[in-house]
Amino acid sequence: MMKKVILLFSLVFIYSCTIDEILENSNQGMEIGNGDDVYADYLSKDITPPSWIIGTWINPQGKELKFTKNDIVFGSEEYNTVQRDVFYYLFRKKDAEIFQTKTDTTYYLQYKESASDKKKYNFIKISDTLMESTKLFKGIYTKK
């Protein structure tokens, strides 16, 4: 029973840190493992959506995707982001194996989520105000 209580408190502590706190600490010289700067590693793994997709998109069911110059936010929760997924993986000294291709009408992103799973996104521009997602978050989205 005591092990479960300790585990519960450990999980609460681990997840109580926000990404901003982790980045702030890493920017102040926090080092992990072999001494590599986590923040520098994080910055080298930027997600860079193409300019045509930047903005907020919504599907008919109300699901929102927000693309910034270096991230993708899923829904209205600011903590559901690609950068957070990637940083979480990098923080554990693992290679997220980010792969992205972009053109004037497509954006494909793939990164490692675990040892055996990869997250894959594929967005296709239909018009300036419509796009289709064919991997995760499938459907047609309208630009807000």
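This one's a predicted model, so the numbers in the text were calculated from it and none came from an experiment. (Residues numbered from 1 in each chain as written. Predicted model: local features only at pLDDT ≥ 70, side-chain atom pairs only at ≥ 80, totals over all residues. Heavy atoms only, no water.)

A. Inspection of the overall build of the protein at higher detail. Looking only at helices and strands, the protein features four helices and 10 strands. Mapped from its N terminus to its C terminus, the protein presents α and β elements in the order α-α-β-β-α-β-β-β-α-β-β-β-β-β. Here the protein holds 144 residues, and the buried ones make up 28% of them. Long-range contacts, defined as pairs at least 24 residues apart, comprise 43% of the intrachain contacts of the protein with a sequence gap of at least 6. Accessible surface for the protein amounts to roughly 9100 Å². Of this, 55% is attributable to carbon and sulfur atoms. (Helix = DSSP H or I, 4+ residues; strand = E, 2+ residues; numbered from the N terminus. Buried < 20%, exposed > 50% of the residue type's maximum accessible area, 1.4 Å probe, protein only. Contact = heavy atoms within 4.5 Å. Areas by Shrake-Rupley, 256 points an atom, 1.4 Å probe, with all protein chains shown as cover.)

B. Focus on the sheet that holds strand S6 (residues 99–102). Sheet architecture is open: eight strands sit in the order S5-S4-S3-S10-S9-S8-S7-S6, paired in antiparallel fashion. Each edge of the open sheet is held by one strand with a lone partner, namely strand S5 (71–74) and S6. Strand-to-strand, the axes of this sheet are offset by a mean angle of 20°, without reference to chain direction. Relative to S5, strand S4 (residues 64–68) runs antiparallel, the two sharing four bridges. Across the sheet, the residue bridging to Thr68 is Asp71, located in S5. Sheet contacts for helix H4 (residues 82–91): S5, strand S7 (106–112) and strand S8 (118–125); angle to S7, the most-contacted strand, approximately 30°. (Pairing = 2+ DSSP bridges. Axes fitted to C-alpha atoms, helices over the stretch in contact; angles between N-to-C directions.)

C. Structural context of H4. Every buried residue of H4 is listed here: Val82, Gln83, Val86, Phe87, Tyr89 and Leu90. Along H4, the residues classed as buried sweep out an arc of 160° about the axis, all on the same side. By the N-cap criterion, in which a side-chain oxygen at the helix start approaches the backbone nitrogen of a residue two or three places on, H4 is capped by Thr81, the distance to Arg84 being 2.9 Å. Looking one or two places after H4, you find Lys93, whose phi comes out positive at around 60°. (Arc of directions from axis to C-beta. Polar contact = N/O pair within 3.5 Å; in protein donor to acceptor, adjacent residues only side chain to side chain.)

D. Highlighting the pattern of salt bridges. Under the counting rule described, the total for this entry stands at four salt bridges. Lys112 is the salt-bridge partner of Glu97, the closest N and O atoms lying 3.3 Å from each other. In this pair, Glu97 sits in the loop between H4 and S6 while Lys112 sits in strand S7, placing the two residues 15 residues apart along the sequence. Under the relative-accessibility criterion, Glu97 is labelled partly exposed at 33%. The class for Lys112 is buried, based on a relative accessible area of 17%. Residues Asp128 and Lys125 are paired through a salt bridge, measuring 3.2 Å at the closest nitrogen-oxygen approach. Asp128 sits in the exposed class, given a relative accessible area of 60%. Since its relative accessible area comes to 24%, Lys125 is described here as partly exposed. (Salt bridge = Lys/Arg side-chain N within 4 Å of Asp/Glu carboxyl O.)

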